[in-house]
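Secondary and tertiary structure notes
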Amino acid sequence: MTLPSPGQRVLMAGNNAIAQGAYEAGVYFASGYPGTPSTEILEVISEYPEIRAQWGTNEKVAFDEAMGVAMSGKRALVSMKYVGLNVAADSFMVFPFAGTVGGFVVISADDPGMYSSQNEQDNRYFARLAQVPMIEPSDPQEAKDFVRLAFELSEKFSTPVMYRTSMRVSHSKGMVTVGERSEVPAKTFVKDIPNWVVPVFAKGLRAKLDAKLARISEYVETYPYNRVEEGSSKVGVITSGASYTYAKEILPDATVLKLAITYPLPKQTLIDFCARFDQVYVIEELEPFIEEQLRFWGVTNIIGKDRFPHTGEFSPDVVAKAVFDEEPVQDFSGEFDLIVRPPQLCPGCPHRGAFLALRKSGALVNGDIGCYTLGCLPPLSANHTTFCMGASIGNAFGFGVGGTDKVVAIIGDSTFVHGGIQPLIDVVYNGGNTTVMILDNRTTGMTGHQEHPATGMTLQGKEAPRLDLVKLVKAIGVEHVQVANPFDQKEMYSAVKEALEYQGPSVIMTNQPCIFARGEKGRKYTPFVVLEDKCTKCGACQRIGCPGVLPGEVPAIDEVACTGCSLCEQACKFGAIVRKGDA
Ligand SMILES: Cc1ncc(C[n+]2csc(CCOP(=O)(O)OP(=O)(O)O)c2C)c(N)n1
């Protein structure tokens, strides 16, 4: 990547701008864990040699490390998808009691509309829960500039600061004027047990935190980036983040109070603003976070979630409908009129072979988060529950305790390292008869092929000590451990059968890489072809769920898509599928 020079105006996506903002703000350390829409922030930061950047094994670990750097006196940032903050929440809730030494910023990237997420969650409530200030940019220029503001805020009040972005802000592009890096002098950590040993001194620190929040609340009343844009019409609007851009497009003449800091809210500024108008639109994506607060303060002349949907992503259309339509829009699915393309595993994906064996075994499968979640879709239909990262193993243990026979937890390599190790320890400790299949495709596939400890590579693509998953599960105490090739159906099925028959905890580790994993790209494949005269039209090859097997009375194989994995050949009992050249 060529880094832009100071003063240059560059077209940047919001996430790239955040990375540039971190560079300019003199950030010393950045960590995180991949997750849409935040992933690129750390990937781009890793290009700046001035910042020590690294993937953490999960968001809590990444948070704790950044927190340590900040306590040691240097600027630290941690970046994650909004659900990552659920994982890091334990630290996030306690850190504010002590405050920070160097600036500390946690980036939470929300996904209104759930484009690539397991749930919809408005993380603004996290700032309120943790009692930390929160800043929200609206466009790429602000995405960059607000990083510096967030660090200044953090150091001014010695508090962690939450920086909330969303899918639209992170992924839209805009022109950004870049600046220079400011090296920020390191501060010094002073040993002060009553401040830093939080649990022992929590009662006193609680009062201090309240007092700090009161000071910040006063400060935000005059914060220059909470600004009023005077308009010519009699309409007032309160908004922030991506919603600001829709509000400006749909109500160009309105007077807009644009909030940069959305927690704590500037109470008096908001009350005074609302007093100027008969009615004020509160245009905020997801929950009525600002609106509820206004109503709590006795403001009644506001139009909020009685017209605007509280689910899904906003767009100019949604805002226009809510403002101008007769009927309030109560629900919004966030869908566009696009041709439906059902998600599916890629041709040549090793997970397919694992699901075929699982389907044949009749096991109840507790799934986890990753590409393999798609194993729930027909025709595989072999992943029966999925919730969040690391849940599969505990869920499978629970199903077993509940009396269900033949239960398998499936979990990807990245997810296992993130949140699967402790539940496996628990299974061994508590005598579970649980089978765990670790789908080791040697990458974090779903989020775009990031490295993790078991790939043996760092964020920067440098070699690192490789976490040996087989040794690890044995060290945990699992005695029945098998490594199986998912492209060899006989081997895979017999591994599943054996594990299910075994009494006690067992692990099956698949051993084939993702076709896009490092070192796999650009490989030449010899595709398979269908011999029409031998085909009995039984449909078995269609039931492996490979997009490379094209439907038709006599199926065909898409030579461009085919990676020669041979699962279709193994499914055909009539020898009608052969490797090209062998026909
Ligand atoms: C707490 C949390 N952090 C991050 C994510 C984003 N995310 C979705 S799946 C996934 C990991 C997928 O990697 P892996 O388990 O190796 O499976 P693969 O996709 O390679 O099959 C991540 C990081 C998430 N959903 N939840």
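Residues numbered from 1 in each chain as written. Predicted model: local features only at pLDDT ≥ 70, side-chain atom pairs only at ≥ 80, totals over all residues.

**Considering the overall build of the protein**
When you go through the protein residue by residue, the secondary structure sums to 19 helices and 23 strands. Taken over C-alpha atoms, the radius of gyration comes to 27 Å for the protein, in line with the 25 Å a tight globule of 583 residues would show. Based on the C-alpha atoms only, the size of the protein along its principal axes is roughly 80 × 60 × 55 Å. Buried positions account for 50% of the 583 residues belonging to the protein. Considering only intrachain contacts with a sequence separation of at least 6, the fraction spanning at least 24 residues in the protein is 74%. (Helix = DSSP H or I, 4+ residues; strand = E, 2+ residues; numbered from the N terminus. Rg over C-alpha atoms; globule rule 2.2 N^0.38 Å. Buried ≥ 20, exposed ≤ 12 C-beta atoms within 10 Å, placed from the backbone. Contact = placed C-beta atoms within 7 Å.)

**A few points about the environment of Cys562**
Looking at the element boundaries, Cys562 is found in the loop between β22 (556-557) and α19 (567-571). Since 23 C-beta atoms lie within 10 Å of it, Cys562 is described here as buried. Distance from Cys562 to Gly113, taken between C-alpha atoms, is 33 Å for residues 449 residues apart in sequence. Residue contacts for Cys562: discarding those within four places in its chain leaves Pro347, Tyr525, Pro527, Phe528, Gly548 and Ile557.

**Some details on the site of the ligand**
Surrounding the ligand, one finds 25 residues, the nearest of these being Gly370, Gly412, Ser414, Thr415 and Gly445. Looking at the shell around the ligand residue by residue, the class counts come to eleven nonpolar, twelve polar and two charged. Per-domain counts for the shell around the ligand show at least three residues from each of domain 1 (9-220) and domain 3 (350-510). (Near = placed C-beta within 6 Å. Nonpolar A, V, L, I, M, F, W, Y, C, P; charged D, E, K, R; others polar. Domains from an automatic or database assignment.)

**Some details on unusual backbone geometry**
Thr36 connects to Pro37 through a cis peptide bond whose omega is 5°. Tracing the sequence through the fold places Pro37 in the loop between β2 (29-32) and α2 (39-45). A positive phi angle, close to 50°, is found at Met114, a residue other than glycine. Structurally, Met114 is set in the loop between β5 (104-110) and α5 (124-130). When the 15 C-beta atoms within 10 Å are taken as the criterion, Met114 is described as partly exposed. Phi angles above zero are rare outside glycine, and Ser381 is one such case at about 40°. Inspection of the secondary structure puts Ser381 in the loop between β15 (364-366) and α15 (391-401).

**Structural notes on the nonpolar core**
Within the largest apolar cluster, 101 residues are counted, with the highest numbers of intra-cluster contacts made by Ala22, Ala66, Val105, Ile107, Ile135, Ala150 and Tyr163. The biggest single contributor to this core is helix α4 (residues 82-98), with nine residues. Taken together, domain 1 (9-220) and domain 2 (227-324) each give at least three residues to this core, which thus spans both. With residues near it in sequence (within four places) discarded, Val105 still touches Leu77, Val147, Ala150, Phe151, Ser154, Val161 and Tyr163. Counting 58 residues, the second largest nonpolar core, distinct from the first, contains Ala382, Val408, Val427 and Ala454. (Core = buried A, V, L, I, M, F, W, Y, C linked by C-beta atoms within 7 Å.)

**Describing the sheet that holds strand β14 (residues 302-303)**
Across the sheet, five strands lie side by side as β9-β11-β10-β13-β14; this open sheet has mixed pairing. Looking at which strands have only one partner, the edges of the open sheet turn out to be β9 (227-229) and β14. One ladder, built from three bridges, connects β9 with strand β11 (residues 255-259); its direction is antiparallel. Paired with Glu229 across the two strands is Val256, which belongs to β11. Each of β9, β10 (236-240), β11, β13 (280-283) and β14 is contacted by helix α11 (residues 267-275), which is oriented at about 150° to β10, the strand it contacts most. (Pairing = 2+ DSSP bridges. Axes fitted to C-alpha atoms, helices over the stretch in contact; angles between N-to-C directions.)

**Remarks on the pairing of β13**
Burial along β13 is two-sided: the face carrying Val280 and Val282 and the face carrying Tyr281 and Ile283 are both buried. Here β10 pairs with β13 via four bridges, running parallel. Of the residues in β13, the one forming a bridge with Ile238 is Val282. Across two bridges, the pairing between β13 and β14 is parallel. Looking across to β14, one finds that Val280 is bridged to Ile302. The β-α-β motif built from β13, the intervening helix α12 (residues 289-296) and the parallel element β14 has right-handed crossover chirality. (Right-handed = clockwise from strand over helix to strand, strands pointing away.)

**Observations regarding the sheet that holds β15**
In spatial order, the strands read β15-β16-β17-β19-β18; together these five strands make up an open sheet with parallel pairing. The sheet terminates laterally at β15 and β18 (480-484), the two strands that pair on one side only. Recorded for the sheet is a direction-independent mean angle of 25° between the axes of neighbouring strands. One ladder, built from five bridges, connects strand β16 (residues 407-412) with strand β17 (residues 435-439); its direction is parallel. Paired with Val408 across the two strands is Thr435, which belongs to β17. Helix α17 (residues 469-476) rests against β17, β18 and β19 (506-510) of the sheet, and its axis sits at about 165° to β18. Packed on one face of the sheet, helix α18 (residues 489-501) meets β17, β18 and β19 and runs near 170° to β18.

**Side note on the environment of Val87**
With respect to the secondary-structure elements, Val87 resides in helix α4. Separated by 331 residues in sequence, Val87 and His418 have C-alpha atoms that sit 9.9 Å apart. The residues contacting Val87, other than those within four sequence positions of it, are Asn58, Glu59 and Lys60.

**A short note on the domain arrangement of the protein**
According to the domain assignment, the protein consists of domain 1 (9-220), domain 2 (227-324), domain 3 (350-510) and domain 4 (528-579). Of note, the centres of domain 1 and domain 3, computed from C-alpha atoms alone, are 32 Å apart. The interface is formed by 14 residues belonging to domain 1 together with 16 residues belonging to domain 3. For the side of domain 1 that touches domain 3, the secondary-structure elements that each account for two or more residues are α2 and β3 (52-55). Looking at which element gives the most residues to the side of domain 1 that touches domain 3, the answer is β3, with three residues. Of the residues that constitute the side of domain 1 that touches domain 3, the class distribution is six nonpolar, eight polar and no charged.

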